Amino acid sequence: MIVCIAEKPSVARDIATILGARNKKDVYIEGNGYQVTWTFGHLCTLKEPHEYTPAWKSWSLSSLPMIPPRFGIHLISNPTYEKQFKIIEELMQKAEMIINCGDAGQEGELIQRWVMQKAGAKCLVKRLWISSLTEESIREGFANLKDQADYQPLYEAGLSRAIGDWTLGMNATRLYTLKYGQNRQVLSIGRVQTPTLALIVNRQREIENFKPEPYWELKTIYRETTFSATKGKFMSKEEGLEFLEKIKEADLR
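Scope of this entry: the structure provided in the associated data block. (Residues numbered from 1 in each chain as written. Predicted model: local features only at pLDDT ≥ 70, side-chain atom pairs only at ≥ 80, totals over all residues. Heavy atoms only, no water.)

**Let's talk about the nonpolar core**
The biggest cluster of nonpolar side chains holds 26 residues, and the ones touching the most others in it are Leu-43, Met-92, Ile-98, Trp-114 and Val-115. Mapped by element, the contributors of at least two residues to this core are strand S1 (2–6), strand S5 (44–46), helix H2 (79–94), helix H3 (106–119) and helix H5 (152–180). Beyond its immediate stretch of four places on either side in the chain, Leu-43 contacts His-74, Leu-75, Ile-76, Tyr-81, Gln-84, Phe-85, Ile-88 and Val-115. (Core = buried A, V, L, I, M, F, W, Y, C linked by side-chain atoms within 4.5 Å. Buried < 20%, exposed > 50% of the residue type's maximum accessible area, 1.4 Å probe, protein only. Helix = DSSP H or I, 4+ residues; strand = E, 2+ residues; numbered from the N terminus. Contact = heavy atoms within 4.5 Å.)

**Thoughts on the packing of aromatic side chains**
What the rule picks out here adds up to eight aromatic pairs. Measuring from centroid to centroid gives 5.6 Å for Tyr-176 and Tyr-180, while their planes differ by 45 degrees, and the two rings are tilted. One end of the pair is Tyr-176 and the other is Tyr-180, both in helix H5 and four residues apart, which spans about a single turn. Note on Tyr-180: relative accessible area 49%, which makes it partly exposed. By way of ring pairs, the aromatic residues Tyr-52, Trp-56, Phe-71 and Trp-166 are connected into one cluster. Above the face of the Tyr-151 ring, Arg-127 is positioned so that its terminal group lies 5.8 Å from the ring centre. Geometry around Tyr-215 places Lys-233 over its ring, the cationic atom sitting 4.4 Å from the centre. (Phe/Tyr/Trp six-rings, centres within 6.5 Å; stacked < 30°, edge-to-face > 60°. Lys NZ or Arg CZ within 6 Å of the ring centre and 35° of its normal.)

**Points about the packing of H3 against H5**
The contact between H3 and H5 brings their axes to 8 Å, and the two run at 90 degrees. Considered as vectors, H3 and H5 are oriented roughly perpendicular to each other. Contacts between H3 and H5 involve Gln-106, Glu-107, Glu-109, Leu-110, Arg-113, Trp-114 and Gln-117 from the former and Gln-152, Leu-154, Tyr-155, Ala-157, Gly-158, Leu-159, Arg-161 and Ala-162 from the latter. Of the residues assigned to the contact of H3 with H5, the class counts are seven nonpolar, four polar and four charged. (Axes fitted to C-alpha atoms, helices over the stretch in contact; angles between N-to-C directions. Parallel < 35°, antiparallel > 145°, perpendicular 65-115°, else oblique. Nonpolar A, V, L, I, M, F, W, Y, C, P; charged D, E, K, R; others polar.)

Have a look at this one:
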């Protein structure tokens, strides 16, 4: 059997229909020589600190920075995910070939590679690379399957981002919590969430400190339509009148 693994059940159903796989099992669709299954986004993620060494289970400044000699992955603890992965693992262990049908992007590549690694897949792997889910696009993609190796740099980029997120998040969160959390709260730090929070805070401060100031605009009405001068706002009436003198003889274009 050829095992196809998509990122979402809906995508798996679309692919199965095109491939002629119509026998619906519990967590995959089978038929015409294919078994089409799916993840739910991330089934696997990087291991927690204590999984590398028990000393990292307790939060202490003396254990920072935590940098594993080699990063590993584990299955996310969730009954639905565990059931899904068990079937995926069985399918991949028996597969003649696997077709990675993950989303065409860095995250999609990372999600499926981690699942295949965790499942111990040993067979040939091909990559379906499509930008839409139309019937024509899916058929063309399966007619032009790519080699898994072609997307190794993409996977490595996604892996580097994940490791960077882990390194910053795990270490900085513990550092700021221990130093400033006052034993009452966890201060979560992240590569994306922290700058985003800063943008929100700065914007709120701008709103709170905003002081309205009067301004003037130049407008004219032509055929019952109001037009504004491209010069924009004038901070004084005199400035606006001065500009008006320059343009009042010009043609309206």
